[in-house]
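Summary of structural features
What follows is the residue order along each chain.
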Amino acid sequence: AARQAERAARDRLTEATTLLRSSEDRRRRFESLEGSPSCDRCGQVLSPAHFASESARLRGEEETAMRSFQGAERGHAEAAGRLAAEVSARAELETSLQGARERLAKATRDAENAERDARSHARACADGYGRLDEPFRLRIAPGPPPDWALTTYPDADDLAEGRREGSGIAAV
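Here is a short report on the structure shown in this document. All values reported here derive from a predicted model rather than from experimental measurement. (Residues numbered from 1 in each chain as written. Predicted model: local features only at pLDDT ≥ 70, side-chain atom pairs only at ≥ 80, totals over all residues. Heavy atoms only, no water.)

**Structural notes on the overall build of the protein**
- Looking only at helices and strands, one finds four helices and zero strands in the protein.
- Going residue by residue from the N terminus, the α and β elements of the protein occur as α-α-α-α.
- Against the compact-globule benchmark of 16 Å for 172 residues, the protein has a radius of gyration of 44 Å, which places it well outside the compact range.
- With the C-alpha coordinates aligned to their principal axes, the bounding extent of the protein is approximately 130 × 40 × 25 Å.
- Evaluated residue by residue, the protein yields a buried proportion of 17% over its 172 residues.
- A total accessible area of about 13100 Å² is found for the protein, and carbon and sulfur atoms account for 55% of it.
- Mean positive and mean negative side-chain charge positions of the protein (28 and 31 charges, respectively) differ by 5 Å. (Helix = DSSP H or I, 4+ residues; strand = E, 2+ residues; numbered from the N terminus. Rg over C-alpha atoms; globule rule 2.2 N^0.38 Å. Buried < 20%, exposed > 50% of the residue type's maximum accessible area, 1.4 Å probe, protein only. Areas by Shrake-Rupley, 256 points an atom, 1.4 Å probe, with all protein chains shown as cover. Lys, Arg positive; Asp, Glu negative; His and termini not counted. Charge placed at Lys NZ, Arg CZ, Asp CG, Glu CD.)

So, in structure tokens, the structure goes:
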């Protein structure tokens, strides 16, 4: 939207510039006729009164064109400023997006590594459990647990009781 607004404002500025130059050229050409026998605009005799009124009319056109040009110039500057702000904001967002993509890729790699490590540790735990003699194995669990990381002992109450007991022991 800002790009289209800037283009439209640039087109209006170009048009206003062209009209201003044209009105300046018409006035200068007419003023160079001073002393000529006839008006090149209407063909009438170029009397001093006619010359003065036509000069005033052309200066008025030029002033109107100048005001139009100045308005178009301000409009274009404002539109260009909005476009620059949008371009800057977009660049900042693209940088932020790229950073987020990089963090996501790293988090994905970390998660894949963690999953691979968890599978490796689970295999090591199962292997260690399988190597234990039967009486020791039964103290751990009657069969290999499906999730070695799942902790059932100590639970929160067991930990709280251990802390209470530990707080009553004198420091060595």
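**A look at helix H4 (residues 156-167)**
- Counted at 1.5 Å a residue, the expected span for H4 with its twelve residues is 16 Å, and the 17 Å between its end C-alpha atoms agrees.
- Burial analysis of H4 places just zero of its twelve residues in the buried class, a small minority of the element.
- With a side-chain oxygen positioned 3.2 Å from the backbone nitrogen of aspartate 157, the residue opening H4 is aspartate 155. (Expected span 1.5 Å × (residues − 1). Polar contact = N/O pair within 3.5 Å; in protein donor to acceptor, adjacent residues only side chain to side chain.)

**Some details on the state of the cysteines**
- Throughout the structure, instances matching the rule amount to zero disulfides.
- With no disulfide of its own, cysteine 42 lies 3.8 Å from the sulfur of cysteine 39, the closest cysteine sulfur. (Disulfide = S-S within 2.5 Å.)

**Comments concerning the side chain of glutamate 62**
- As for its placement among the helices and strands, glutamate 62 is situated in helix H2 (residues 48-131).
- Looking at glutamate 62, the relative accessible area reads 15%, which means it is buried.
- In this structure glutamate 62 touches Leu20, Ser23, Glu24 and Arg27, once residues within four positions along its chain are discounted. (Contact = heavy atoms within 4.5 Å.)

**What to know about the packing of aromatic side chains**
- For the structure on display, the rule yields one aromatic pair.
- Plain terms: the ring middles of phenylalanine 30 and phenylalanine 51 are 5.1 Å apart, the flat faces sit at 20° to each other, and that makes the pair stacked. Of this pair, phenylalanine 30 sits in helix H1 (residues 2-31) while phenylalanine 51 sits in helix H2, and the two are 21 residues apart along the sequence.
- Arginine 137 extends its terminal NZ or CZ atom over the ring of tyrosine 129, reaching a point 5.8 Å from the ring centre. (Phe/Tyr/Trp six-rings, centres within 6.5 Å; stacked < 30°, edge-to-face > 60°. Lys NZ or Arg CZ within 6 Å of the ring centre and 35° of its normal.)

**Some points on the environment of glycine 130**
- Mapped onto the elements of the fold, glycine 130 is located in helix H2.
- On the basis of relative accessibility, which here comes to 46%, the residue glycine 130 falls in the partly exposed class.
- Sequence separation between glycine 130 and threonine 64 is 66 residues; the distance between their C-alpha atoms is 97 Å.

**Looking at the side chain of histidine 50**
- Within the secondary structure layout, histidine 50 lies in helix H2.
- Beyond its immediate chain neighbours, meaning those up to four positions away, histidine 50 contacts Cys39, Cys42, Gln44 and Val45.

**A closer look at the packing of H1 against H2**
- Axis separation between H1 and H2 bottoms out at 7 Å; the angle between their running directions is 160°. Judged on the interaxial angle alone, H2 and H1 are roughly antiparallel. Along this stretch, H1 crosses H2, giving a crossing that reads as left-handed.
- Classifying every residue of the contact of H1 with H2 by side-chain character gives 18 nonpolar, six polar and 15 charged. (Axes fitted to C-alpha atoms, helices over the stretch in contact; angles between N-to-C directions. Parallel < 35°, antiparallel > 145°, perpendicular 65-115°, else oblique. Left-handed = near helix turned anticlockwise from the far one by under 90°. Nonpolar A, V, L, I, M, F, W, Y, C, P; charged D, E, K, R; others polar.)

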